[in-house]
Amino acid sequence: MSEYLPGLEGVPATKSNISDLDGKRGILTYRGYRIADLARCSSFEETAMLLLDGRLPTRKELTEFDHQLRDNRRVKYNIREMMKYLPETGHPMEMLQSAIAALSMFYPGDECLTGSDVCEDLNYVHNMSVKILARMATIVAMWEHLRNGYDPIEPRRDLTYAENLLYMFNGEDPDPDYARIMDACLILHAEHTINASTFAALVAGSTLASPYLVIAAAVGTLAGPLHGGANQKVVQMLREIGSPDRVEAWLDEQLEHKRKIWGFGHREYKVKDPRATILQNMMMELMEKRGGEVTPLFEIALALEKAAEQRLGAKGVYPNVDFYSGLLYLQMGIPEDQFTSIFAVARCAGWLAHWREQLKDNRIFRPTQVYTGEQERDYVPIDQR
Ligand code: COA
């Protein structure tokens, strides 16, 4: 009998050369490039290309890819019509999964993988990646207006990916500081080895499902609070704590009841997630630039990190990527329940890169199980039970 490892801890699910992490030293690289360097020097468009193609693009290649993304930002009117009928009380991640899945109906034809030869068709894979990546941001921002009873704001072709995302949310030319921060946030969230949602994408991709359905599977998996949904929970938690002087008592009570501290802990990292450090520093720099006054929620977060280190540090439980990201999104006017959708927009680049990698050498995922039920027995007619 094979050994069963809950949560597949330590079990390699695939071979990949897309990203790598060292959980003891807190290092994350995409295609060998350190995440801090990418967040500082790259753009989301360039990072997406790096993930998809495996190398940094030339200026010409990047311009071409960027134009393709800009050309594909708009979605069909009927998608908007469909979205209008979804309940505005639904969670944006539920909407996103529905809308992305529906895209494969609205854009039929070559969107369906039909045979193994398609796996070799890099043009198809590239075109699908561009279409999906470009449209994710539009759908997420459209929902913000539709659910409030307004027409969505049309995407603009003259803006970068991050600028356009902010513009479609707020309807204003984005503040350059916020645009840069959003760009870095998208880079930081774009990829992270074989996490739960990427694994879901791989499993769906291995069946040769349409790439829209592959991304829909990943979106649904990211939504949970143990994964991407934690960023929304963090801000709710900080509000619940209320003030820095309440942190220690609140934390002790949570830990006593064995409750989760949102935005803390990671299967792979046993030190602070390097993305959390970068996000925290970006928040700090933003506060300094805006007059030096720290927001009350950020103050609580800093106090919580300190108190948690004393209590959870020995277990290797430290802030993860979701701990500080929401505080930055709040500054940019992103509603709390859209934090995970922004995460999904960014992670879409990584999902698509893994989809492409999976197709190159595809074999359907079909793991085994350790059966714990009854062995063969006789059927009992209903009157004799
Ligand atoms: N709050 C309190 N304790 C935590 C914790 C948290 N957020 N994360 C881990 N721990 C503790 C566990 O209680 C466990 O303690 P024990 O050994 O005394 O039982 C130990 O650390 C190991 O945790 P475990 O649940 O086995 O880790 P995992 O690898 O299965 O789960 C997460 C990883 C991310 C799901 C988990 O850390 C978590 O739920 N975090 C909060 C949700 C979150 O922020 N998710 C975003 C991840 S990027």
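Going by the structure above, here's the rest.
Residues numbered from 1 in each chain as written. Predicted model: local features only at pLDDT ≥ 70, side-chain atom pairs only at ≥ 80, totals over all residues. Heavy atoms only, no water.

A.B. asks: Any chance you could break down the environment of Leu186 for me, citing the residues and the numbers?
C.D. replies: Within the element layout of this structure, Leu186 appears in helix α8 (residues 176-189). Sequence spacing of Leu186 and Ala162 is 24 residues, and the spatial spacing of their C-alpha atoms is 7.7 Å. Ignoring anything within four residues of it in the chain, the contact list for Leu186 reads Phe44, Tyr161, Ala162, Leu165, Ile342, Val345 and Ala346. (Helix = DSSP H or I, 4+ residues; strand = E, 2+ residues; numbered from the N terminus. Contact = heavy atoms within 4.5 Å.)

A.B. asks: Account for helix α9 (residues 196-206), naming residues and giving values.
C.D. replies: Within α9, eight of the 11 residues are buried, which leaves the element mostly enclosed by the surrounding structure. Residues of α9 that are buried include every one of Ser197, Thr198, Ala200, Ala201, Leu202, Ala204, Gly205 and Ser206, and no others. Here the buried face of α9 lies against α10 (211-222) and α16 (339-360). Remark: Leu208 follows α9 within two positions and exhibits a positive phi of approximately 65 degrees. (Buried < 20%, exposed > 50% of the residue type's maximum accessible area, 1.4 Å probe, protein only.)

A.B. asks: How would you explain unusual backbone geometry if you had to name every residue and give the values?
C.D. replies: Phi is positive for Leu8, which is not a glycine, with a value near 50 degrees. Tracing the sequence through the fold places Leu8 in the segment before β1 (19-22). For Leu8, a relative accessible area of 42% translates into the label partly exposed. Phi angles above zero are rare outside glycine, and Leu208 is one such case at about 65 degrees. Inspection of the secondary structure puts Leu208 in the loop between α9 and α10.

A.B. asks: So what's going on with the packing of aromatic side chains? Residues and values would help.
C.D. replies: For the structure shown, the criterion picks out seven aromatic pairs. Taken together, a centroid distance of 5.7 Å and an interplanar angle of 90 degrees make the contact between Phe199 and Phe365 edge-to-face. Note that Phe199 is positioned in helix α9 and Phe365 in the segment after α16, a separation of 166 residues in sequence. Phe199 gets classed as partly exposed once you look at its relative accessible area, which sits at 24%. The structure contains a cluster of three or more aromatic residues connected by ring pairs, namely Phe264, Phe298, Phe323 and Tyr324. The ring of Tyr167 is capped by Arg156, whose NZ or CZ atom sits 4.7 Å from the centre of that ring. (Phe/Tyr/Trp six-rings, centres within 6.5 Å; stacked < 30°, edge-to-face > 60°. Lys NZ or Arg CZ within 6 Å of the ring centre and 35° of its normal.)

A.B. asks: Which residues make up the packing of helix α11 (residues 230-241) against helix α15 (residues 322-331), and what values do they have?
C.D. replies: It is at 8 Å that the axes of α11 and α15 come closest, and there the two elements cross at 80 degrees. When the axis of α11 is compared with that of α15, the two are roughly perpendicular. Note on element contacts: α15 touches α11 through Asp322, Phe323, Ser325, Gly326, Leu327, Tyr329 and Leu330, opposite Ala230, Asn231, Val234, Val235, Met237, Leu238 and Arg239. Class assignment of the residues belonging to the contact of α11 with α15 gives a composition of nine nonpolar, three polar and two charged. (Axes fitted to C-alpha atoms, helices over the stretch in contact; angles between N-to-C directions. Parallel < 35°, antiparallel > 145°, perpendicular 65-115°, else oblique. Nonpolar A, V, L, I, M, F, W, Y, C, P; charged D, E, K, R; others polar.)

A.B. asks: Give me the side chain of Ser104: which residues, what numbers.
C.D. replies: Note on placement: Ser104 falls in helix α5 (residues 92-106). The class of Ser104 is buried, set by a relative accessible area of 12%. A polar contact is formed between the side chain of Ser104 and the backbone oxygen of Ala101, at a distance of 2.8 Å. With sequence-adjacent residues up to four places away left out, Ser104 is seen in contact with Ser210, Tyr212 and Leu213. (Polar contact = N/O pair within 3.5 Å; in protein donor to acceptor, adjacent residues only side chain to side chain.)

What is shown is where atoms sit, not what they do.
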